[in-house]
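Results of the structural survey
The lines below spell out each chain.
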Amino acid sequence: MTASGVLALQGDWHAHAQVLKALGAECRPVRTAADLDRVESLVLPGGESSAMLRLMEPEDLARRIGERITAGMAVLATCAGVILLAEKVEPNQASLGALAINVVRNAYGRQVCSSVEQVAVTPPLGPPSSMEAVFIRAPRIVGAGPGVEVLGRWHDDPVIIRQGNILGTTFHPELTRDPRVHELFLRTGEDRDG
């Protein structure tokens, strides 16, 4: 089995690692370029996207992660991770530009507006047709390119998306007992390896 990494610079990366390990995956924290070289897939967790960008600078991780994504590495980006990958971020912020979406940061409100909602999901995530989603200062996807597949919606908003080797959620799937997002991420990595 190949190793998955979780970017462990800031945010609740440990919760993702626990879910992946519970699913039988080998999981390693990624803090350096050397750590990144030792994994075949990567989770970009929630947290503070601008802080993550600053913390990536000493190891040039943004560029290195972008190159690995272009080369086909499977990525799961959640909440702030989606902001890190978006082509356009409002208010304006630097990003890796690997995901053909436009996002608005903190679009659903501040921390006190956090909520747990039911999200409608499509067949690639398997039954049932909805899942619990934890929204914490969540970004909103306000535009998507033609190569972006919507796998889940909350009301009319896309909240689970897939573009090739990238799976993204605007919520925190690691904070629920439903492992389907992480299972799909692991299958994406296996498909790329196989």
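Residues numbered from 1 in each chain as written. Predicted model: local features only at pLDDT ≥ 70, side-chain atom pairs only at ≥ 80, totals over all residues. Heavy atoms only, no water.

**Structural notes on the packing of aromatic side chains**
Applying the stated criterion to the full structure yields two aromatic pairs. By way of ring pairs, the aromatic residues Phe135, Trp154 and Phe171 are connected into one cluster. (Phe/Tyr/Trp six-rings, centres within 6.5 Å; stacked < 30°, edge-to-face > 60°.)

**Some words on the pairing of strand 11 (residues 157-163)**
Regular strands show a simple pattern: their side chains alternate between the two faces of the sheet. Most of strand 11 sits inside the fold, with seven of its seven residues counted as buried. Summarising the sheet, strand 10 (residues 149-154) and strand 11 pair through five bridges and their orientation is antiparallel. Looking across to strand 11, one finds that Arg153 is bridged to Pro158. Taken together, strand 10 and the strand that follows it, strand 11, pair antiparallel across an intervening segment of two residues, in which His155 is found at a positive phi of about 55 degrees. In this structure, strand 11 lies alongside strand 12 (residues 166-169), joined through four bridges in antiparallel fashion. Bridge pairing in strand 12 places Ile160 opposite Thr169. (Buried < 20%, exposed > 50% of the residue type's maximum accessible area, 1.4 Å probe, protein only. Helix = DSSP H or I, 4+ residues; strand = E, 2+ residues; numbered from the N terminus. Pairing = 2+ DSSP bridges.)

**Some words on the layout of surface pockets**
Counted as a void, the largest pocket has a volume near 230 Å³. The residue makeup of the lining of the largest pocket, split by class, is five nonpolar, seven polar and five charged. (1 Å grid on protein atoms, 1.4 Å probe; cavity = no way out; pocket = protein on both sides within 12 Å on 5 of 7 lines; lining within 4 Å. Points joined across faces, edges and corners; volume = space filled by probe spheres on them. Nonpolar A, V, L, I, M, F, W, Y, C, P; charged D, E, K, R; others polar.)

**Structural notes on the sheet that holds strand 8 (residues 130-135)**
Taking strand neighbours across the sheet as the criterion, the nine strands line up as 2-1-3-4-12-11-10-7-8 in an open arrangement whose pairing is mixed. Lying at the two open borders of the sheet, with one neighbouring strand each, are strand 2 (26-30) and strand 8. Averaged over all adjacent pairs, the angle separating strand axes in this sheet is 25 degrees, with direction ignored. (Axes fitted to C-alpha atoms, helices over the stretch in contact; angles between N-to-C directions.)

**A short note on the pattern of salt bridges**
Here the idea is simple: oppositely charged side chains can pair when their charged atoms come close. With the rule as written, the count across this model stands at nine salt bridges. Note that Arg28 is salt-bridged to Glu26, the shortest N-O span being 2.6 Å. Judged by its relative accessible area of 33%, Glu26 falls in the partly exposed class. In this structure, Asp157 engages Arg140 in a salt bridge whose closest nitrogen and oxygen atoms are separated by 3.1 Å. Placement of Asp157 in strand 11 and of Arg140 in strand 9 (residues 140-144) is noted, with a sequence separation of 17 residues between them. Judged by its relative accessible area of 11%, Asp157 is buried. If you follow the salt bridges from partner to partner, you end up with Glu48, Arg105 and Arg137 in one network. (Salt bridge = Lys/Arg side-chain N within 4 Å of Asp/Glu carboxyl O.)

**Remarks on the environment of Ala144**
Relative to the helices and strands, Ala144 resides in strand 9. Residues Ala144 and Met56, spaced 88 residues apart in sequence, show a C-alpha to C-alpha distance of 26 Å. Not counting the four nearest positions on each side in its chain, Ala144 is found in contact with Ala100 and Ile101. (Contact = heavy atoms within 4.5 Å.)

**Structural notes on the pairing of strand 2**
As defined by bridge partners, strand 1 (residues 3-7) adjoins strand 2 across five bridges and the pair is classed as parallel. Bridge pairing links Leu7 to Val30 in strand 2. Following the chain from strand 1 across helix 1 (residues 13-22) to the adjacent parallel strand 2, one finds a crossover that is right-handed. (Right-handed = clockwise from strand over helix to strand, strands pointing away.)

**Side note on the sheet that holds strand 5 (residues 86-90)**
Read across the sheet, three strands follow the order 5-6-9 without closing on themselves; strand pairing throughout is mixed. Pairing within the sheet leaves two strands with one partner each, and these edge strands are strand 5 and strand 9. Each adjacent strand pair in this sheet contributes to an overall mean axis angle of 25 degrees, direction not counted. Examined bridge by bridge, strand 6 (residues 99-104) and strand 9 share four bridges and lie antiparallel to one another. In the strand pairing of strand 9, Asn102 is matched with Gly143.

**Here we look at the nonpolar core**
As a rule of thumb, nonpolar side chains are buried together in soluble globular proteins. Grouped together as the largest cluster of nonpolar side chains are 29 residues, with contacts concentrated most on Ile65 and Ile101. Mapped onto this core, the elements with two or more residues apiece are strand 3 (41-44), helix 3 (49-56), helix 4 (61-70), strand 4 (74-78), helix 5 (80-85), strand 5 and strand 6. When residues in this core are grouped by element, the largest group, five residues, is from helix 5. Formed by 25 residues, the second largest nonpolar core is a distinct cluster that contains Val6, Ala74, Val159 and Phe185. (Core = buried A, V, L, I, M, F, W, Y, C linked by side-chain atoms within 4.5 Å.)

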